[in-house]
Amino acid sequence: MLSTEKLAGLRLQLLEEKSGLEAHLEQNDHLGLERGHAHESTGELSSYDNHPADEATELYEREKDNALLEHYKLELYNVNKALEAMENGSYGKCEVCDKEIPLERLEALPNTTYCIEHSPDQVTSHKRPVEEGVLMPPFGKFDMDEKDESVAFDAEDSWQTVAQWGTSDTPSDLAFPQDNYQDVYVEADENIGYVEDYENFVGNDMYGKNITVYPNPQHEKYEDSLDEEGIMTSFGDLPAYEHDPYVDRDDR
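- The protein appears in an unreviewed UniProt entry as TraR/DksA C4-type zinc finger protein from Neobacillus rhizophilus.

**Points about a nonpolar patch on the surface**
Alright, step 1. Together, Trp159, Val162 and Val186 line one region of the surface with nonpolar side chains, adding up to about 260 Å² of accessible area.
Alright, step 2. Positionally, Trp159 belongs in helix 6 (residues 155-163).

**Details of helix 3 (residues 52-88)**
Alright, step 1. With 37 residues, helix 3 extends 54 Å from end C-alpha to end C-alpha; this agrees with the ideal 54 Å at 1.5 Å per step.
Alright, step 2. Positive backbone phi, approximately 85°, marks Gly89, located one or two places after helix 3.

**A word on the nonpolar core**
Alright, step 1. One finds Leu10, Leu14, Val79, Ala82, Leu83, Ala85, Met86, Tyr91, Cys94, Ile101, Leu106 and Cys115 forming the largest nonpolar core, which totals 12 residues.
Alright, step 2. For this core, the element with the most residues is helix 3, which contributes five residues.
Alright, step 3. Aside from chain neighbours lying at most four places away, what touches Ile101 is Gly92, Lys93, Cys94, Leu106, Thr112, Thr113, Tyr114 and Cys115.
Alright, step 4. Leu21, Leu31, Leu33 and Leu69 belong to the second largest nonpolar core, which has seven residues in total.

**With respect to unusual backbone geometry**
Alright, step 1. Unlike most non-glycine residues, Asp98 shows phi in positive territory, near 65°.
Alright, step 2. Relative to the helices and strands, Asp98 resides in the loop between helix 3 and helix 4 (103-108).
Alright, step 3. Unusually for a residue other than glycine, Asn210 sits at a positive phi of about 55°.
Alright, step 4. For Asn210, the location among the structural elements is in the loop between strand 1 (202-203) and strand 2 (212-213).
Alright, step 5. Judged by relative accessible area, which is 59%, Asn210 ranks as exposed.

**Quick notes on the packing of helix 1 (residues 4-27) against helix 3**
Alright, step 1. Contact geometry for helix 1 and helix 3: axes closest at 10 Å, N-to-C directions at 150°. Between helix 1 and helix 3, the interaxial angle falls into the category roughly antiparallel. Crossing of helix 1 over helix 3 shows left-handed handedness. Seen from helix 1, the contacting residues are Leu7, Leu10, Arg11, Leu14, Leu15, Glu17, Lys18, Leu21, Glu22, His24 and Leu25; seen from helix 3, they are Leu69, Tyr72, Glu75, Leu76, Val79, Asn80, Ala82, Leu83, Met86 and Glu87.
Alright, step 2. Per-class residue counts for the contact of helix 1 with helix 3 are 13 nonpolar, two polar and six charged.

**Some points on the UniProt feature "domain: Zinc finger DksA/TraR C4-type" (unreviewed entry) in the protein**
Alright, step 1. UniProt records the feature "domain: Zinc finger DksA/TraR C4-type" (unreviewed entry) at residues 89-117, using the numbering of this structure.
Alright, step 2. The span residues 89-117 is 21% helix and 0% strand, and its two end C-alpha atoms sit 22 Å from each other.

What counts as what
- Residues numbered from 1 in each chain as written.
- Predicted model: local features only at pLDDT ≥ 70, side-chain atom pairs only at ≥ 80, totals over all residues.
- Heavy atoms only, no water.
- Patch = residues over 30% accessible without salt bridge, like charges linked within 9 Å, V, L, I, M, F, W, Y side chains within 5 Å.
- Areas by Shrake-Rupley, 256 points an atom, 1.4 Å probe, with all protein chains shown as cover.
- Salt bridge = Lys/Arg side-chain N within 4 Å of Asp/Glu carboxyl O.
- Helix = DSSP H or I, 4+ residues; strand = E, 2+ residues; numbered from the N terminus.
- Expected span 1.5 Å × (residues − 1).
- Core = buried A, V, L, I, M, F, W, Y, C linked by side-chain atoms within 4.5 Å.
- Buried < 20%, exposed > 50% of the residue type's maximum accessible area, 1.4 Å probe, protein only.
- Contact = heavy atoms within 4.5 Å.
- Axes fitted to C-alpha atoms, helices over the stretch in contact; angles between N-to-C directions.
- Parallel < 35°, antiparallel > 145°, perpendicular 65-115°, else oblique.
- Left-handed = near helix turned anticlockwise from the far one by under 90°.
- Nonpolar A, V, L, I, M, F, W, Y, C, P; charged D, E, K, R; others polar.
- UniProt positions renumbered as here; feature names shortened; annotations may be inferred.

Below is the structure:
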């Protein structure tokens, strides 16, 4: 049983909490949710001249205010419920199992009328918006880059295709700044339709023979890069004047 002194102290604590909650709701006009529409709290007459991003911000703030108001009202409800329990003499006992609630729990949470075993907040929700199933960075289950031997057109490829038409990024936003604003997106230098650079200008017949080089701008760029590095191939580091069986065919 709670002593008269302990009960009085807890009552005072509950009354102070109730007074603080009511004053807070009164001062901020119930977070502006007494009004009919969000426009009334911002002074706007309509959404006609507002940018979609501004509208999204207002919606986010409105949702946050709703959550906060629900939280404050629940706190106030629990405080009033605990004060009622003090009036009828049931305070300090769990309303489910009727067992004594430990004093330490009441001191930490004076507005509770449940023991810890029967607290209604036992389950933490892990439910997330359904959109997160496809928007998990980077694009969740639709990102195939980490899968072996996958050459499918995945979410990253879709983003790169769309990003070619422009993004809000600037060259300074990238780890390796691009010279052209048309290339300011992730992996803009990635080859499209082929993997290795030489695949763009080297071909062979259906049997893998008659290898032919087809001169084009990509071929010239490839040769210039090799000359600049002084190597013969992108996968070797031999100077042009040296020879080795893996680059020179031995007909003997």
